[in-house]
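Commentary on secondary and tertiary structure
Listed here are the chains, written in short residue letters.
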Amino acid sequence: MADPLCTIVMPTLDLDRGAQTMRLARSTAGVETDGLLLVDFKMRGAVKLNNALFKAALHLETPFICYLNDDTIPSQRDWLKLLIQGLRQNNRFGMACPSGECSTTPQKSGRPGDPFEVHVVKGPLAWFVAAVRAEALRDVGLFDEGFIHYGDESDWVQRARRKGWKQIWVKGVYIKHLRGNHNENAALRNEWAKHDKRRYRRKWVHKPKGGTGKK
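My aim in this report is to walk through the structure given alongside it, one point at a time. Since the model is a prediction, treat every value here as computed from it, not as a measurement.

1. Topic: the layout of surface pockets
The volume enclosed by the largest pocket comes to roughly 1,100 Å³. In terms of lining residues, the largest pocket is bounded by 39 residues, among which N69, H149, Y150, G151 and E153 are the most central. The set of elements that each furnish at least two residues to the lining of the largest pocket consists of β1 (6–12), α2 (46–60), α5 (152–162) and α6 (186–205). Sort the elements by how many residues they give to the lining of the largest pocket and α6 lands first, with seven residues.

See below:
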């Protein structure tokens, strides 16, 4: 058996759902993978879990790491192989995202069965799935733990751009995303969303002159 090319990491609030999604993802990836699943029993939010998962994945030393939401259905054959194929087109392509159900342009315009195309995108994409070069993660660093559950990936992309890494949309990969289909812990999630939106705005929208916003 070949050495794993990518480690799939997944934070979750629901062990059963997370395990089911992980099994499907690894079976359809099209490349050899490791898988790391971490359950947020203490309800700390995804950012701390993401960083714990990324640290563990870096120790496994696979050249790529794929962040995957537990509310996705990665049923397309070779979905991860194609994302990595896109990243390998340029050694400064640091992260790749697919099409899927979201409100983010251009991802929302993709459809199942689209041809394989790679597009560089300047603005943050929706990271319900994101394949990342391990080299880029080491260079940019982990997520900002000033965020709790949301906005951390958009913040990371902004930081990555400053280091010269580019983000791509791989149009030929479509991952079904069940966003909004579960309502558990809705009040807590709303609190997290408000907090994280304020932090992102302070850092990247309403920046004070001569700085990058409050850290």
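2. Quick look at the packing of α5 against α6
At a minimum axis separation of 10 Å, α5 and α6 run at an interaxial angle of 20°. By the criterion of interaxial angle, the relationship of α5 to α6 is roughly parallel. In terms of crossing hand, the pair formed by α5 and α6 is left-handed. Where α5 abuts α6, its residues S154, D155, Q158, R159 and R162 lie against Y200, K203 and W204. Here the contact of α5 with α6 is built from residues that sort into two nonpolar, two polar and four charged.

3. Thoughts on the environment of S75
With respect to the helices, strands and loops of the structure, S75 is situated in the loop between β4 (72–73) and α3 (79–87). For S75 and S27, which are 48 residues apart along the polypeptide, the C-alpha to C-alpha distance reads 8.7 Å. Excluding residues that lie within four positions of it along the chain, S75 makes contacts with L24 and T28.

4. Notes on the packing of aromatic side chains
Given two aromatic rings, one states the distance between the centres and the angle between the planes to describe the pair. A complete count under the given rule lists three aromatic pairs for this structure. Directly above the ring of W165 sits R92, whose terminal nitrogen or CZ lies 3.8 Å from the centroid. Here the guanidinium or amino end of R199 rests over the ring plane of F147, the centre of that ring lying 5.6 Å away.

5. Concerning the pairing of β1
Counted residue by residue, β1 has seven buried out of seven residues, so it is predominantly covered. As defined by bridge partners, β1 adjoins strand β2 (residues 33–39) across seven bridges and the pair is classed as parallel. Across the sheet, residue T12 finds its bridge partner in β2, namely V39. Crossover connection from β1 via helix α1 (residues 15–28) to parallel β2: handedness right-handed. In terms of strand pairing, β1 meets strand β3 (residues 64–68) through four bridges, oriented parallel.

6. A few points about the pattern of salt bridges
Taken as a whole and judged by the stated rule, the model has eight salt bridges. With its nearest N and O atoms 3.0 Å apart, the salt bridge here joins D144 to K203. Taken together, the residues span a long stretch of sequence, with D144 in the loop between α4 (134–140) and α5 and K203 in helix α6 at a distance of 59 residues. Of the residues examined, D144 reaches a relative accessible area of 16% and is grouped as buried. Using a relative accessible area of 4% as the deciding quantity, one classes K203 as buried. Across the salt bridge formed by K203 and D155, the nearest N and O atoms sit 2.8 Å from each other. Taken together, the positions of K203 in helix α6 and D155 in helix α5 put the pair 48 residues apart, joining distant regions of the chain. This pair shows no difference in class: K203 is buried, exactly as D155 is. Salt bridges sharing common partners tie together D144, D155, R159, R199 and K203.

7. Focus on the side chain of S154
Mapping S154 onto the fold places it in helix α5. Aside from chain neighbours lying at most four places away, what touches S154 is P124 and Y200.

8. Some details on the pairing of strand β7 (residues 129–133)
On any regular strand, side chains alternate: one points to one face of the sheet, the next to the other face. Burial runs high along β7: five of the five residues are buried. The two faces of β7 match: V129, A131 and R133 on one face and A130 and V132 on the other face are all buried. Summarising the sheet, strand β5 (residues 93–100) and β7 pair through two bridges and their orientation is antiparallel. Bridging across to β7, M95 finds its partner in V132.

Conventions we followed
Residues numbered from 1 in each chain as written. Predicted model: local features only at pLDDT ≥ 70, side-chain atom pairs only at ≥ 80, totals over all residues. Heavy atoms only, no water. 1 Å grid on protein atoms, 1.4 Å probe; cavity = no way out; pocket = protein on both sides within 12 Å on 5 of 7 lines; lining within 4 Å. Points joined across faces, edges and corners; volume = space filled by probe spheres on them. Helix = DSSP H or I, 4+ residues; strand = E, 2+ residues; numbered from the N terminus. Axes fitted to C-alpha atoms, helices over the stretch in contact; angles between N-to-C directions. Parallel < 35°, antiparallel > 145°, perpendicular 65-115°, else oblique. Left-handed = near helix turned anticlockwise from the far one by under 90°. Contact = heavy atoms within 4.5 Å. Nonpolar A, V, L, I, M, F, W, Y, C, P; charged D, E, K, R; others polar. Phe/Tyr/Trp six-rings, centres within 6.5 Å; stacked < 30°, edge-to-face > 60°. Lys NZ or Arg CZ within 6 Å of the ring centre and 35° of its normal. Buried < 20%, exposed > 50% of the residue type's maximum accessible area, 1.4 Å probe, protein only. Pairing = 2+ DSSP bridges. Right-handed = clockwise from strand over helix to strand, strands pointing away. Salt bridge = Lys/Arg side-chain N within 4 Å of Asp/Glu carboxyl O.

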